[in-house]
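# Reading the structure
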Amino acid sequence: MTTDEPSQTPGRTPLISVRDLTVSYDVARTGRSLVAIEGVNLDVEEGEFVTVLGPSGCGKTTFMNVIAGLVQPTSGEVRVGGEKVTGPGPDRAVVFQDYALLPWRSVFDNVKFGLEMQKPLRGEGWRDRVQEAIELVGLAGFESSYPRELSGGMQQRVGLARAIVAKPRILLMDEPLGAVDALTREVMRDEIEKLITATGKTVLFITHSIEEAILLGDRIVVFKSHPGAIKEIIRTDIQRPRSERSVQSDPRFLELRDHLWDALQGEATAAAKTSGS
Ligand SMILES: Nc1ncnc2c1ncn2[C@@H]1O[C@H](COP(=O)(O)OP(=O)(O)O)[C@@H](O)[C@H]1O
Ligand SMILES: [Mg+2]
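Residues numbered from 1 in each chain as written. Chains lettered and ligands numbered in written order. Predicted model: local features only at pLDDT ≥ 70, side-chain atom pairs only at ≥ 80, totals over all residues.

### As for the pairing of strand E9 (residues 219–224)
Burial runs high along E9: six of the six residues are buried. Burial along E9 is two-sided: Arg219, Val221 and Phe223 facing one way and Ile220, Val222 and Lys224 facing the other are all buried. In this structure, strand E3 (residues 49–53) lies alongside E9, joined through four bridges in parallel fashion. Within E9, the residue paired with Thr51 across the bridge is Ile220. Of the pairings in the sheet, the one linking E9 to strand E10 (residues 229–235) comprises six bridges and is antiparallel in character. Residue pairing across strands places Phe223 opposite Ile230, the latter belonging to E10. (Buried ≥ 20, exposed ≤ 12 C-beta atoms within 10 Å, placed from the backbone. Helix = DSSP H or I, 4+ residues; strand = E, 2+ residues; numbered from the N terminus. Pairing = 2+ DSSP bridges.)

What follows is the structure, given as structure tokens:
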């Protein structure tokens, strides 16, 4: 299996640049600190779709939260567009696994919140932007519904619309399809692929699904645990548009799936040994 070479062209600044990133958490209960990720380096080019794959607890969410500006590095740094990240900003939007919608607000007002978080709304132009985002994720007609009236898949579409409404350069998606049923997941993977291809966004997409990582990614960043770190980076090299169905017979898809399966199984075995079980 060929792993990835550094993706940056000499002289060009990558959109996201992660250098020697280490994050440890102070765990009050034990009085010790826990190293969640250690020595992570990654460059992401503008327009790239990077999937982050790894077992649960290997530090994927921590990694994404540092890029989002929600968690501060213990050492090392993250730069976006050359600027050091010190907190959240309008250039980055997050789609959370548990949707994180406001239950007392309608679909329209939840999506509007994506704009309100950035700056006070003036005039009426924002209405068209909210409507446009709702249409892009396929929720036209549900503007006045409330989250509790929607299926999990539809709620996650609202989360996606809220993230894209302010037109961020970077979408950070933390296992966004983890909580929806298998059929909806299949449909939404295909739709996310189309939506991102159409809008040309730079995406960091976290998943623990091997198929999802291959189907969506230009590159796959494989994490290992104890402590969390990058195990390898693989370029997928599968022609787009890809669909859940079409890739199933692609020899490259099958090769990658086998390889990643072995890589993750090795991780699971190592994790079991470390924990003494
Ligand atoms: N706020 C926190 N305080 C203490 N430990 C944390 C915190 N967040 C995550 N951890 C620990 O850091 C490790 C990595 O967690 P996380 O980044 O959520 O991994 P993943 O998203 O891959 O499941 C885990 O051992 C987790 O228990
Ligand atoms: Mg996580």
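### With respect to the environment of Glu244
Checked against the element boundaries, Glu244 lands in helix H7 (residues 244–247). On the neighbour-count criterion, Glu244 (16 C-beta atoms within 10 Å) is partly exposed. C-alpha of Glu244 to C-alpha of Val71: the two residues are 173 residues apart in sequence and 34 Å apart in space.

### Some words on the site of ligand 1
Contacts to ligand 1 come from 13 residues, most closely from Tyr25, Ala36, Lys60, Thr61 and Thr62. Secondary-structure elements contributing two or more residues to the shell around ligand 1 are strand E1 (16–27), strand E2 (32–44) and helix H1 (60–68). Ranked by residues supplied to the shell around ligand 1, first place goes to H1 with three residues. (Near = placed C-beta within 6 Å.)

### Comments concerning the domain arrangement of the protein
What the domain assignment lists for the protein is domain 1 (1–91 + 170–178 + 188–277) and domain 2 (98–167). Each of domain 1 and domain 2 has a C-alpha centre, and the two are 26 Å apart. Tallying the contact residues gives seven residues for domain 1 and eight residues for domain 2. Considering every element that reaches the side of domain 1 that touches domain 2, the biggest residue donor is helix H5 (residues 182–199), with three residues. By residue class, the composition of the side of domain 1 that touches domain 2 is six nonpolar, no polar and one charged. (Domains from an automatic or database assignment. Contact = placed C-beta atoms within 7 Å. Nonpolar A, V, L, I, M, F, W, Y, C, P; charged D, E, K, R; others polar.)

### Re the sheet that holds E10
Taken in spatial order, the six strands make up an open sheet running E6-E7-E8-E3-E9-E10, and their pairing is mixed. The open sheet has two edge strands with one neighbour each: strand E6 (92–95) and E10. Across the sheet, the mean angle separating the axes of adjacent strands is 20 degrees when strand polarity is ignored. Of the strands in this sheet, E6 and strand E7 (170–174) touch helix H4 (residues 152–164), which is tilted by about 175 degrees from E6. (Axes fitted to C-alpha atoms, helices over the stretch in contact; angles between N-to-C directions.)

### So, the nonpolar core
Val52, Ile67, Ala161, Leu172 and Leu204 are the most contacted members of the largest nonpolar core, which totals 69 residues. A domain split of this core shows at least three residues from each of domain 1 (1–91 + 170–178 + 188–277) and domain 2 (98–167). Residue contacts for Leu204: discarding those within four places in its chain leaves Val44, Val50, Val52, Met64, Ile67 and Leu172. (Core = buried A, V, L, I, M, F, W, Y, C linked by C-beta atoms within 7 Å.)

### Focus: the sheet that holds E1
Within a sheet, adjacent strands bond to each other through the backbone by hydrogen bonds, running parallel or antiparallel. On the basis of which strands lie adjacent, the open sheet formed by four strands has the order E2-E1-E4-E5 and antiparallel pairing. In the strand order of this sheet, the two ends are held by E2 and strand E5 (83–84), each with one partner. As defined by bridge partners, E1 adjoins E2 across nine bridges and the pair is classed as antiparallel. Bridge pairing links Val23 to Ile37 in E2.

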